[in-house]
Amino acid sequence: MRADHTSRTVGTVWGLLILNTLGSTGAKTIVPLPRSLIQMVTMGALVAAFTLALALNLRLRVRASAFLCLLTLLLVPSVLSSANLESGFGALFRCARLALFVGTLWLLSRWWDGGPTFVRYHIRAYFVVLGSVAAGLVISPGAAMPELYGGRLVGALWPLTPPQIGQYAAVIIGLTVLLVLGRRTDRTSAAVVIVPSLVLLALTHTRTATVGMLIGLALAIGSLLLTSAAARRFFTWAVLCAAVAAVAFSSALQAWFLRGQSQENFSNLTGRAKVWDALLAAPRSTAEQLFGVGLGDKSFGGLPIDNSWLAVYQEQGLTGVALVAAVVIVLGGVALLRPPSLSRACAIFLISYCAIASYTEAGLGDASPYLLHLAVAASLLAAPAAAGPRTTPEGPRQRIPQWAQRSEVSRA
């Protein structure tokens, strides 16, 4: 009973962390929500997550983790650059948030055992988020697919942007497919998750999430081909279906992929390239090059950066870029060294998805869903806790009287 209670509480903590990373900006909701209220809810969720995790782990038992050590080191350039207040007092607030976020992950690391437990937490929490998106679509289709976003699906009950919804849908689709191949869930339960998530992903028209999901699944399933007949069958059918779809629906797929944009707009990544060029051309002092200008809202000149590496360079400098690159390289290297397994395949999917999405999405250098994806990968790659040999405690040694010792000697 106590183990079940602990498991539910850990799942609750994980759900609160996900709530914290949903953000406070996005489309207009059916019921207008003040940004201050949203920030209060998200920050309250983080404080509650840390408090619950600390209550579960009062003895501060943690697992050794290079991933968490690197995230902790990332706090150093974040604080050093934010202390200058170039980005305002909000930078110090974001540093405190990142510290609380990483501290909660340290407390949860006690339950990282290489199994799919946190994968299930991840799927359930994001499925609830997608459920709110679907509810908003049913209640008010106009608010859920506004012209402001080109008719793409947004969050009508909670302010979520199309890339956010696409990311959540793509991640839980990929993880659920892998659980089915690993026979950790039945097909009916998987269909309940996969089918509506695919519909929502299609309605968001999110290219990064779709490409990241497909490439991530290809790499993850490829890691299982030598040991899993189900993976080989799925891979074969997936290739055949993809080939047929590419031929039969090529025009429809191209139209969906272009989203009505011109070739010029598509080539400069919807205007992202102009922001990137301006960011790289901006003059910087040596301190700003090394440690950045402090944690901000991942924008430059009032426009979103939409690139994790450039956002980290802007806010945490070259030091931050090196630490984030080390996070991805360490996790990827450990995954490649592990023997084929479901846990390894899920980790490869999450790591590759984050690496691909980092090109057009920001978040690897701050508390974000991408760090939670990588945290799940770290939990999958953690070695199971070795059970020590059970030893019988020795009782107190009895003192043998001298007369008894002499009698034993005489009989001998």
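The rules we used
Residues numbered from 1 in each chain as written. Predicted model: local features only at pLDDT ≥ 70, side-chain atom pairs only at ≥ 80, totals over all residues. Heavy atoms only, no water. Helix = DSSP H or I, 4+ residues; strand = E, 2+ residues; numbered from the N terminus. Buried < 20%, exposed > 50% of the residue type's maximum accessible area, 1.4 Å probe, protein only. Contact = heavy atoms within 4.5 Å. Salt bridge = Lys/Arg side-chain N within 4 Å of Asp/Glu carboxyl O. Expected span 1.5 Å × (residues − 1). Patch = residues over 30% accessible without salt bridge, like charges linked within 9 Å, V, L, I, M, F, W, Y side chains within 5 Å. Areas by Shrake-Rupley, 256 points an atom, 1.4 Å probe, with all protein chains shown as cover. Axes fitted to C-alpha atoms, helices over the stretch in contact; angles between N-to-C directions. Parallel < 35°, antiparallel > 145°, perpendicular 65-115°, else oblique. Left-handed = near helix turned anticlockwise from the far one by under 90°. Nonpolar A, V, L, I, M, F, W, Y, C, P; charged D, E, K, R; others polar. Phe/Tyr/Trp six-rings, centres within 6.5 Å; stacked < 30°, edge-to-face > 60°. Lys, Arg positive; Asp, Glu negative; His and termini not counted. pLDDT = per-residue confidence, 0-100. Polar contact = N/O pair within 3.5 Å; in protein donor to acceptor, adjacent residues only side chain to side chain.

**Student:** Even after reading the chapter, I still don't get the overall build of the protein chain, so can you show me in this structure?
**Tutor:** The number of helices and strands found in the protein chain is 18 helices and two strands. A buried classification covers 45% of the 412 residues belonging to the protein chain. Excluding contacts between residues fewer than 6 apart, the proportion of contacts in the protein chain whose partners are at least 24 apart in sequence is 76%.

**Student:** Please explain the pattern of salt bridges as it appears in this structure.
**Tutor:** If the charged atoms of two oppositely charged side chains come close together, the side chains can form a pair. The tally for this structure, following the rule as stated, stands at three salt bridges. With a shortest N-O distance of 3.4 Å, R272 and D306 are connected by a salt bridge. Here R272 is found in helix 13 (residues 272-281), whereas its partner D306 is found in the loop between strand 2 (303-304) and helix 15 (308-337), with 34 residues between them in sequence. By relative accessible area, which is 16% here, R272 ends up buried. Of the charged contacts, one joins K298 and D366 as a salt bridge, the two residues approaching to 3.0 Å between their closest N and O atoms. Note that K298 is positioned in the loop between helix 14 (286-291) and strand 1 (299-300) and D366 in the loop between helix 16 (342-357) and helix 17 (369-381), a separation of 68 residues in sequence. As far as the burial class goes, K298 and D366 line up, both buried.

**Student:** What should I look at first to understand unusual backbone geometry in this one?
**Tutor:** Glycine aside, a negative phi is what most residues show, and trans is what most peptide bonds show. Positive phi, normally seen in glycine, also occurs at R183, with a value near 60 degrees. Its place among the elements puts R183 in the loop between helix 7 (162-181) and helix 8 (187-204). In this structure, K298 takes a positive phi of about 60 degrees despite not being glycine.

**Student:** Explain helix 16 to me, please; I cannot follow it from the model alone.
**Tutor:** Over its 16 residues, helix 16 extends 22 Å from the first C-alpha to the last, a length consistent with the 22 Å expected when each residue adds 1.5 Å. The buried fraction of helix 16 amounts to 14 of the 16 residues, a majority that puts the element mostly inside the structure.

**Student:** Explain a nonpolar patch on the surface here, please?
**Tutor:** Taken together, I30, V31, L33, L37, M40, V41, V138, I139 and L157 make up a surface patch of nonpolar side chains, about 800 Å² in accessible area. Sort the elements by how many residues they give to the nonpolar patch and helix 2 (residues 35-56) lands first, with three residues. Structurally, the position occupied by V31 is in the loop between helix 1 (2-20) and helix 2. A relative accessible area of 57% means that V31 is categorised as exposed.

**Student:** Help me understand the packing of helix 1 against helix 4 (residues 89-108), please; the structure alone is not making it clear to me.
**Tutor:** Geometrically, a packed helix pair is captured by the angle between its two axes and the distance between the axes. Look at helix 1 against helix 4: their axes get within 11 Å of each other, and the N-to-C directions meet at 160 degrees. Taken together, the axes of helix 1 and helix 4 are roughly antiparallel relative to one another. Here helix 1 runs over helix 4; the crossing is left-handed. Contacts between helix 1 and helix 4 involve V10, V13, W14, L17 and N20 on the former and, on the latter, R97, F101, T104, L105 and L108. Classifying every residue of the contact of helix 1 with helix 4 by side-chain character gives seven nonpolar, two polar and one charged.

**Student:** Hey, could you run me through the packing of aromatic side chains in this one?
**Tutor:** Any two aromatic rings considered together are summarised by their centre-to-centre distance and by the angle between their planes. This structure, assessed with the given rule, holds five aromatic pairs. Taking 5.3 Å as the distance between ring centres and 85 degrees as the angle between the ring planes, the aromatic pair formed by F118 and Y121 counts as edge-to-face. Of this pair, F118 and Y121 both sit in helix 5 (residues 117-139), three residues apart, which is roughly one turn of the helix. Look at F118 and you get buried, because its relative accessible area is 3%. Ring geometry for Y126 against Y168: centres 4.6 Å apart, planes inclined by 20 degrees, an arrangement best described as stacked. Taken together, the residues Y126 in helix 5 and Y168 in helix 7 connect sequence positions 42 residues apart. Here Y126 matches Y168 in class, with each residue buried. Cluster of aromatic residues (ring-pair linked, three or more members): W14, F118 and Y121.

**Student:** Looking at this structure, how should I read the side chain of E361?
**Tutor:** By secondary structure assignment, the location of E361 is in the loop between helix 16 and helix 17. Buried within the structure, E361 lacks any salt-bridge partner; its nearest side chain of opposite charge belongs to R272, at an N-O separation of 4.1 Å. When near neighbours in sequence (up to four residues on either side) are disregarded, E361 contacts P163, T208, R272, D306, N307, S308 and Y370.

**Student:** Looking at this structure, how should I read the packing of helix 1 against helix 2?
**Tutor:** Helix 2 packs onto helix 1 with a crossing angle of 155 degrees between their chain directions and a minimal axis gap of 8 Å. Taken together, helix 1 and helix 2 sit at an angle that is classed as roughly antiparallel. Crossing of helix 1 against helix 2: the hand is left-handed. Here T6, T9, V10, T12, V13, L16, L17, L19 and N20 of helix 1 come into contact with helix 2, specifically with V41, T42, M43, A45, L46, A48, A49, L52, A53 and L56. Looking at the contact of helix 1 with helix 2 residue by residue, the class counts come to 14 nonpolar, five polar and no charged.

**Student:** Please explain helix 5 as it appears in this structure.
**Tutor:** Since there are 3.6 residues in each turn of an α-helix, residues three or four apart along the chain are aligned in direction. For helix 5, built from 23 residues, the straight-helix expectation of 33 Å at 1.5 Å per residue is met to within 8% by its first-to-last C-alpha distance of 33 Å. Listed as buried for helix 5 are F118, V119, Y121, H122, I123, A125, Y126, V129, L130, V133 and G136.

**Student:** Honestly, the confidence of the model for the protein chain in this entry has me stumped. Any pointers?
**Tutor:** Any residue range with low pLDDT should be treated as having predicted coordinates unsuitable for detailed reading. For the protein chain, the average pLDDT comes to 86, and 88% of its residues sit at 70 or higher. At the low end of the mean pLDDT range in the protein chain sits helix 18 (residues 402-411), at 46; at the high end sits helix 17, at 96. Considering only residues more than four positions removed or in separate chains, one finds that residues 387-398, a stretch of pLDDT under 50, has zero contacts. Scored below 50 in pLDDT, residues 407-412 shows zero contacts in the model against residues more than four places distant or in partner chains.

**Student:** Teacher, can you tell me more about the side chain of R284 here?
**Tutor:** With respect to the secondary-structure elements, R284 resides in the loop between helix 13 and helix 14. Buried and unpaired, R284 has no salt bridge, with E288 as the nearest side chain of opposite charge at 5.3 Å. Polar contacts involving the side chain of R284 include one to the main-chain carbonyl oxygen of L279, which spans 3.4 Å. Side chain to side chain, R284 and Q314 meet in a polar contact 2.5 Å long.

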